[in-house]
Amino acid sequence: MASSISLLSPSLRLHLTNTTLLAPFPYYHRSKCEMSRGSFALKGIVASGVSSMASTLTAEAQPSQGVGRLPYKPEGYNYWTWRGHKIHYVVQGEGSPIVLIHGFGASAFHWRYNIPELAKRHKVYALDLLGFGWSDKALIEYDAMVWRDQVVDFVKEIVKEPSVLVGNSLGGFTALVSAAALQELVSGVVLLNSAGQFGDGNKQSESSKETPLAKFVLKPLKEAFQRVVLGFLFWQAKQPARIVSVLKSVYVNSSNVDDYLVESITRPAADPNAGEVYYRLMTRFMTNQSKYTLDAVLSELSCPLLLLWGDLDPWVGPAKANRIKEFYPKTTLVNLQAGHCPHDEIPELVNKALLDWLSTLYPEEASLQTV
């Protein structure tokens, strides 16, 4: 087996022992945490940003109090046709719009504790990216720009007015590239433990010309082997016990890992094309991601940026958040004592921090709420 592993790409070898539906990408640092119920253990939240103000909120370990939860619907909520593909989304509330974008392997239901609360003041949308959740498992060549185009068209065709884009992990990077493309239709961006890496996206490594032997013999053998290995990994990744194990590894407090969360991952994984989509994401998709860097995307951004960062995330630590803040001056950073998906683990605090920040973007709406 050891010699055969060399046929896999470096990124696949890196994640061979722990890859799951939830987070297999080095650039997207495993994104998955979904919904759950129950309690949370959160010691505090400290905000620092473009203003000199800082605040600290604390919460004891107890069941979530007074937080609404999106009901789980096996059939989904609403559907929109995009480029001939069925796209699933949720919409609730009235007011200035917010678009929530999930991470790798998740879905709109990932935001189940956030949608009802945010909808009390805003019109909230949450969509499933193509290839995930209740959206079609399209057999296309996946690329970060596919999801960018999807979000851009969603804002233009469904939302139809300036919005705030909010994303976790892979969804965070998608929110960034979408905001850079939309410009005047984006009022702000919020990242929760976002994917993406700093670096020189234009730097191309010198590659020798592909020989006939490599092209017609070695390459087909490599692809065949990868299909066998990834087929097994996909089967393993969608097992409920495996999903629970991975989720618990990225929650500081795992009481929010429940049956609804697990089903929201396993159900889409049973779609007919899900295995092929997984293969394409794990091979062709990963090979071209280094050209999309945070440096380049942030350089094109002009709107305010909020970072809600789980500092105890084993995959994407606080160093990245600090670097983003240093690179992009219009950044407010909120440090959370939580894991990779703070919006699900500590929804009360995330909802409050997000609403407080949104009130600075829409002071007129905030004043109306206090009347």
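Residues numbered from 1 in each chain as written. Predicted model: local features only at pLDDT ≥ 70, side-chain atom pairs only at ≥ 80, totals over all residues. Heavy atoms only, no water.

Before going further, it helps to spend a moment on the pattern of salt bridges. All told, the structure shown has eight salt bridges when counted by the stated rule. Taking the shortest distance from any N to any O, the salt bridge between Asp-149 and Arg-83 comes out at 3.4 Å. One end of the pair, Asp-149, is in helix α4 (residues 144–159); the other, Arg-83, is in the loop between β3 (78–82) and β4 (85–92), and 66 residues separate them in sequence. A salt bridge links Glu-276 to Arg-280, with the shortest nitrogen-to-oxygen separation between them at 2.8 Å. Here Glu-276 and its partner Arg-280 are both found in helix α9 (residues 274–287), four residues apart, which amounts to about one turn of the helix. (Salt bridge = Lys/Arg side-chain N within 4 Å of Asp/Glu carboxyl O. Helix = DSSP H or I, 4+ residues; strand = E, 2+ residues; numbered from the N terminus.)

Turning our eyes to something else, we now look at unusual backbone geometry. The backbone of Lys-160 sits at a positive phi, close to 65°, despite the residue not being glycine. When you line up the elements, Lys-160 lands in the loop between α4 and β7 (163–168). Residue Ser-169 is not a glycine yet carries a positive backbone phi of 55°. If you trace the backbone, Ser-169 turns up in the loop between β7 and α5 (170–182).

If you look at the biggest cluster of nonpolar residues, it comprises 64 residues, and the most contacted ones within it are Val-99, Leu-165, Leu-176, Val-189, Leu-298, Leu-305 and Ile-324. Sorting elements by how many residues they give to this core places α4 first, with nine residues. If you look at the next biggest cluster of nonpolar residues, it comprises 32 residues, including Ala-108, Leu-306, Val-350 and Trp-357. (Core = buried A, V, L, I, M, F, W, Y, C linked by side-chain atoms within 4.5 Å. Buried < 20%, exposed > 50% of the residue type's maximum accessible area, 1.4 Å probe, protein only.)

The final tally for this structure, using the stated rule, is eleven aromatic pairs. Ring centres of Trp-80 and Phe-154 lie 5.4 Å apart, and the angle between their planes is 70°; this geometry places the pair in the edge-to-face category. Of this pair, Trp-80 sits in strand β3 while Phe-154 is found in helix α4, placing the two residues 74 residues apart along the sequence. Among the residues examined, Trp-80 registers a relative accessible area of 8% and is labelled buried. The exposure class assigned to Phe-154 is buried, which follows from its relative accessible area of 0%. (Phe/Tyr/Trp six-rings, centres within 6.5 Å; stacked < 30°, edge-to-face > 60°.)

Glancing now at the confidence of the model for the chain. For the chain, mean pLDDT is 79; residues scoring 70 or higher make up 70% of the total. For the stretch residues 1–63, pLDDT sits under 50, and the model shows 225 contacts to residues farther than four places along the chain or on other chains. In this model residues 204–208 is a low-confidence stretch, pLDDT under 50, and it forms zero contacts with partners more than four residues away in sequence or in other chains. (pLDDT = per-residue confidence, 0-100. Contact = heavy atoms within 4.5 Å.)

The subject of this paragraph is the pairing of strand β8 (residues 186–192). In terms of burial, β8 is largely enclosed, as six of its seven residues are buried. Pairing of β7 with β8, which is carried by six bridges, proceeds in the parallel orientation. From the neighbouring strand, Ser-163 faces β8, where its bridge partner is Val-186. Between the parallel pair β7 and β8, the chain is carried across by α5, and the sense of this crossover is right-handed. (Pairing = 2+ DSSP bridges. Right-handed = clockwise from strand over helix to strand, strands pointing away.)

In this model, helix α13 (residues 347–361) (15 residues) spans 21 Å end to end at C-alpha, consistent with the 21 Å of a helix rising 1.5 Å per residue. Three or more residues of α13 are buried, namely Pro-347, Glu-348, Leu-349, Val-350, Asn-351, Ala-353, Leu-354, Leu-355, Trp-357 and Leu-358. (Expected span 1.5 Å × (residues − 1).)

On to the pairing of strand β10 (residues 331–336), then. Of all six residues in β10, six are buried; the element is thus mostly enclosed. In this fold, strand β9 (residues 305–310) hands off to helix α11 (residues 318–327), which returns the chain to β10; that crossover is right-handed.

This part is about the packing of α4 against α5. Relative to each other, α4 and α5 sit at 60°, their axes nearing to 8 Å. With respect to each other, α4 and α5 are oriented oblique. Remark: the crossing between α4 and α5 carries right-handed chirality. Contacts between α4 and α5 involve Ala-144, Met-145, Trp-147, Arg-148, Val-151, Val-152, Val-155 and Lys-156 on the former and, on the latter, Leu-170, Phe-173, Thr-174, Val-177, Ser-178, Ala-181 and Leu-182. Residue composition of the contact of α4 with α5, grouped by class: eleven nonpolar, two polar and two charged. (Axes fitted to C-alpha atoms, helices over the stretch in contact; angles between N-to-C directions. Parallel < 35°, antiparallel > 145°, perpendicular 65-115°, else oblique. Left-handed = near helix turned anticlockwise from the far one by under 90°. Nonpolar A, V, L, I, M, F, W, Y, C, P; charged D, E, K, R; others polar.)

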